[in-house]
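# Commentary on secondary and tertiary structure
Listed here are the chains, written in short residue letters.
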2 protein chains.
Amino acid sequence: MSKPAGRTILASTIAKQYIDEITSQVKALDFKPKLVGFLANDDPAAQMYANWTGKTCESLGFTYDLITVDKNDLESALINANSNDEVNGIMVYFPVFGDNQDQYLQQLISPEKDVEGLNFLYYHNLYHNVRFLDPPTNEQKSILPCTPLAMVKILEYLGVYNKHLHYGNRLYGKKVLVVNRSEIVGRPLAALLANDGATVYSVDIHNIQQFTRGDDLLMQRHKVVDLDASEYSLEKITPQCDVIITGVPSDSYKFPSELVSNGAVVINFASAKNFNDDIKQKAGLYVPSIGKVTISMLLRNLLRLIDNKKIRTQS
Amino acid sequence: MSKPAGRTILASTIAKQYIDEITSQVKALDFKPKLVGFLANDDPAAQMYANWTGKTCESLGFTYDLITVDKNDLESALINANSNDEVNGIMVYFPVFGDNQDQYLQQLISPEKDVEGLNFLYYHNLYHNVRFLDPPTNEQKSILPCTPLAMVKILEYLGVYNKHLHYGNRLYGKKVLVVNRSEIVGRPLAALLANDGATVYSVDIHNIQQFTRGDDLLMQRHKVVDLDASEYSLEKITPQCDVIITGVPSDSYKFPSELVSNGAVVINFASAKNFNDDIKQKAGLYVPSIGKVTISMLLRNLLRLIDNKKIRTQS
């Protein structure tokens, strides 16, 4: 193979500016912010992720408490944490029950402590392009789900967002493929990018949907259409895309590199490796994983929750 | 018509950083650099352009002498200016004879004073991606023709060049249409962009050519192929292009806006207006004229010629 024309960009490089911002903002506080993580399963991967979260928090000046609880005690533990003034942020390592009860537990976390931005309130705001929690004052900024937010920051870093376009339209003209339509990441991500002006092709095992904001820039919400499978296949769409984003949680899945156009931006947010190494021969910029940016966004959200609380208690 | 999604960017905005750089570099010199322009025709447009060049030069701290000569005296006037140590840069307002004799006169200007970068030496270096005049020392930088260089600076400013890609490959994956294949601008521009990694479709009234660097990044020169007109028409190529550049010197010519893909970068370098206003409904970023960037590049070249002279006389 010849020398790749493109470059691999590591998440740690992209995260650096956010880590620096977070560190100085934490130093400026008159207390040490506390994040509490709840672990209620035996998954070694969750345990590892929890340990890594803890190390990152401590190194940046946060307090991190990992609380291991029985599944059946998680509900009351969350209620206690919601009302505990010393706790600034709460997260749960899912799956717990592995069914709809997990969603109930997730929504039980107070929006005021939801560092992951997974509360329906925040999703609603994301889908409707609502940026503040307190209209018309507009002082308290809404929280965005960590992974979609990390993706936006990565695309900004890589220059896919064009800063010369109007704010809120900086992806105008960009075609983005997102392979994943989960409620946690894929669907909100597609909406977020469409709200910023992109044409997004959202792929799951059933079909391909197109997310756009339509022609009306004043519309505060994206539009979704199911694409006709006979006309719009992955084979036809992929070569036209400026950005390919994958998040398929399977070690056996590999995205077909041969479909990717030379110079495309390629980002994988799954913990599994969704691309073979031959992608480096095609991609302009390749980001093989995004975890370090995601955790920066989680801690950024935590600081924003603290800001919002300050504004609420002052007014 | 609805509110345009994109933005119009003026050349004056893009030129500002170069104007600032030039101003401070001129201040740092221990003499006032002198540019001499020769006018040997009765074209009122050339006279206007000459006056404008003069005003710009004076306002930035240069001395500008406009010398009006008879066509038949231009040759000896250029020879005198070449050997005059007080003259740092020379330019001629063409056309003079309007035939091949103009090229002879152009090439008569010493490369050491050729602020427009039109000497064959500089074109050769551009076509072969040679960046220095004095290998292997590589201290004296080669000059680039003003208008193609201005276009590169504009594309850098607009974020079309991606700074995360390796230097010399920052247009990797970009498709660029250039409508103009003159020896002065269109062809060198296509080569320059191809040398930086783009796929360039170069259009003139006869055919469409594709300029690329090919797959081999080590190749120090672009590749040109004539495209088969039945397969590659303007109608088929334009919608795929990220950047549309026009330079058609005719008031009646208008590029078909309907072919331009939403969000494309659109730049006109002709003094004529090559786009109707409806382009603003399609373009992401639209630069309607580039003159102010071009003259900045001319003065930047003048400073570079002075630097090169200093290096030569020191060694």
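Residues numbered from 1 in each chain as written. Chains lettered and ligands numbered in written order. Predicted model: local features only at pLDDT ≥ 70, side-chain atom pairs only at ≥ 80, totals over all residues. Heavy atoms only, no water.

## Comments concerning the packing of helix 6 (residues 146–157) of chain B against helix 7 (residues 186–195) of chain B
All names here are of chain B. Two numbers describe how helix 6 lies on helix 7: the axes approach to 9 Å, and their chain directions differ by 40°. If you check the angle between helix 6 and helix 7, you find them oblique. Read as a crossing pair, helix 6 and helix 7 show a hand that is right-handed. Only P188, L189, L192 and L193 of helix 7 make contact with helix 6, whose side of the interface consists of P148, L149, M151, V152 and L155. (Axes fitted to C-alpha atoms, helices over the stretch in contact; angles between N-to-C directions. Helix = DSSP H or I, 4+ residues; strand = E, 2+ residues; numbered from the N terminus. Parallel < 35°, antiparallel > 145°, perpendicular 65-115°, else oblique. Left-handed = near helix turned anticlockwise from the far one by under 90°. Contact = heavy atoms within 4.5 Å.)

## Section: the sheet that holds strand 4 (residues 89–93) of chain A
All names here are of chain A. Sheet architecture is open: 3 strands sit in the order 3-2-4, paired in parallel fashion. Strands at the two margins of the open sheet, each flanked by one partner only, are strand 3 (63–68) and strand 4. The sheet shows a mean angle of 20° between the axes of neighbouring strands, direction not considered. Relative to the sheet, helix 3 (residues 74–83) contacts strand 2 (34–39) and strand 4, its axis offset from that of strand 4 by approximately 165°. (Pairing = 2+ DSSP bridges.)

## Quick look at the interface of chain A and chain B
Between chain A and chain B, the contact holds 24 residues from the first and 24 residues from the second. When chain A packs against chain B, close to 2,100 Å² is buried across both sides, 54% of that on carbon and sulfur atoms. Looking only at chain A, the three residues that lose the most surface to chain B are A5, H164 and Y172 of chain A, adding up to 33% of its buried area. Scanning the region where chain A abuts chain B turns up 0 salt bridges. Where chain A packs against chain B, one counts 12 residue pairs in polar contact (both at pLDDT 80 or more). (Buried area = accessible area lost by both parts, 1.4 Å probe. Salt bridge = Lys/Arg side-chain N within 4 Å of Asp/Glu carboxyl O. Polar contact = N/O pair within 3.5 Å; in protein donor to acceptor, adjacent residues only side chain to side chain.)

## Re the relation of the copies chain A and chain B
It takes a turn of 180° to lay chain A on chain B, together with a shift of 0.0 Å along the axis; the resulting RMSD is 0.0 Å. Here the copies are linked by what is in effect a two-fold axis. Using C-alpha coordinates, one finds that chain A approaches the rotation axis most closely at G159 of chain A, a distance of 3.5 Å. Comparing contact sets, 100% of the residues at the interface of chain A also lie at the interface in chain B, consistent with an isologous, same-surface contact. (Least-squares fit on C-alpha atoms with pLDDT ≥ 70 in both.)

## Quick look at the sheet that holds strand 11 (residues 285–287) of chain A
All names here are of chain A. Read across the sheet, 8 strands follow the order 1-11-10-9-5-6-7-8 without closing on themselves; strand pairing throughout is mixed. Every other strand in the sheet has two partners, leaving strand 1 (7–8) and strand 8 (223–226) as the edge strands with one partner each. Where strand 1 meets strand 11, 2 bridges bridge the pair, whose relative direction is parallel. Of the residues in strand 11, the one forming a bridge with T8 is Y286. Relative to strand 7 (residues 208–212), helix 7 (residues 186–195) is tilted by about 35°, and along the sheet it contacts strand 5 (175–179), strand 6 (199–203), strand 7 and strand 9 (243–246).

## Things to note about the confidence of the model for chain A
Low pLDDT marks regions whose predicted coordinates should not be analysed in detail. Across chain A, pLDDT averages 93, with 97% of residues at or above 70. The complex model carries a pTM of 0.84, and its ipTM stands at 0.75. (pLDDT = per-residue confidence, 0-100.)

## Structural notes on the packing of aromatic side chains
Under the definition given, this model contains 10 aromatic pairs over all chains. Between F275 of chain A and Y286 of chain A the ring centres are 6.0 Å apart and the planes differ by 75°, which places this aromatic pair in the edge-to-face class. Of the two residues, F275 of chain A sits in the loop between strand 10 (265–268) and strand 11 while Y286 of chain A sits in strand 11, which places them 11 residues apart along the sequence. Neither F275 of chain A nor Y286 of chain A differs from the other in exposure class; each is buried. Note on F255 of chain B and F275 of chain B: the rings are 5.6 Å apart at their centroids and 45° apart in plane angle, and the pair reads as tilted. Here F275 of chain B lies in the loop between strand 10 (265–268) and strand 11 (285–287) and F255 of chain B lies in the loop between strand 9 (243–246) and strand 10, a separation of 20 residues in the sequence. Residues F255 of chain B and F275 of chain B agree in their burial class; the two are buried. Aromatic ring contacts, followed pair by pair, group Y49, W52 and Y93 of chain A into a single cluster. (Phe/Tyr/Trp six-rings, centres within 6.5 Å; stacked < 30°, edge-to-face > 60°. Buried < 20%, exposed > 50% of the residue type's maximum accessible area, 1.4 Å probe, protein only.)

## Some points on the packing of helix 1 (residues 11–28) of chain B against helix 6 of chain B
All names here are of chain B. Their axes nearest at 10 Å, the elements helix 1 and helix 6 cross at an angle of 105°. Between helix 1 and helix 6, the interaxial angle falls into the category roughly perpendicular. Residue-level contacts link T13, I14, Q17 and Y18 of helix 1 to K153, I154, E156 and Y157 of helix 6. For the contact of helix 1 with helix 6, the per-class residue count stands at 4 nonpolar, 2 polar and 2 charged. (Nonpolar A, V, L, I, M, F, W, Y, C, P; charged D, E, K, R; others polar.)

## As for the UniProt feature "domain: Tetrahydrofolate dehydrogenase/cyclohydrolase catalytic" (unreviewed entry) in chain A
This chain's UniProt record puts "domain: Tetrahydrofolate dehydrogenase/cyclohydrolase catalytic" (unreviewed entry) on residues 11–116 of chain A. For the annotated span residues 11–116 of chain A, helix accounts for 49% and strand for 16% of the residues, and the straight-line distance between the end C-alpha atoms is 18 Å. (UniProt positions renumbered as here; feature names shortened; annotations may be inferred.)

## Here's the deal with helix 6 (residues 146–157) of chain A
Residues and elements named next belong to chain A. Between its first and last C-alpha, helix 6 extends 16 Å over 12 residues, near the 16 Å set by a 1.5 Å rise per residue. Most of helix 6 is tucked away, with 10 of its 12 residues classed as buried. Listing the buried residues of helix 6 in full gives C146, T147, P148, L149, A150, M151, V152, K153, I154 and L155. Residues of helix 6 that are buried in the fold lie against helix 1 (11–27), helix 7, strand 9, strand 10, strand 11 and helix 9 (291–314). Of the residues one or two after helix 6, G159 is the one with positive phi, at around 85°. (Expected span 1.5 Å × (residues − 1).)

## Points about the pairing of strand 6 (residues 199–203) of chain B
Regular strands show a simple pattern: their side chains alternate between the two faces of the sheet. Residue and element names in this part refer to chain B. Burial analysis of strand 6 places 4 of its 5 residues in the buried class, the great majority of the element. Bridging between strand 5 (residues 175–179) and strand 6 involves 5 bridges; their strand directions are parallel. Bridged to V176 within strand 6 is V200. In terms of handedness, the path from strand 5 via helix 7 over to strand 6 forms a crossover that is right-handed. Bridge analysis of strand 6 against strand 7 (residues 208–212) gives 4 bridges, and the strand direction is antiparallel. The residue of strand 7 that forms the bridge with S202 is Q209. What sits between strand 6 and strand 7 in their antiparallel hairpin is a turn of 4 residues. (Right-handed = clockwise from strand over helix to strand, strands pointing away.)

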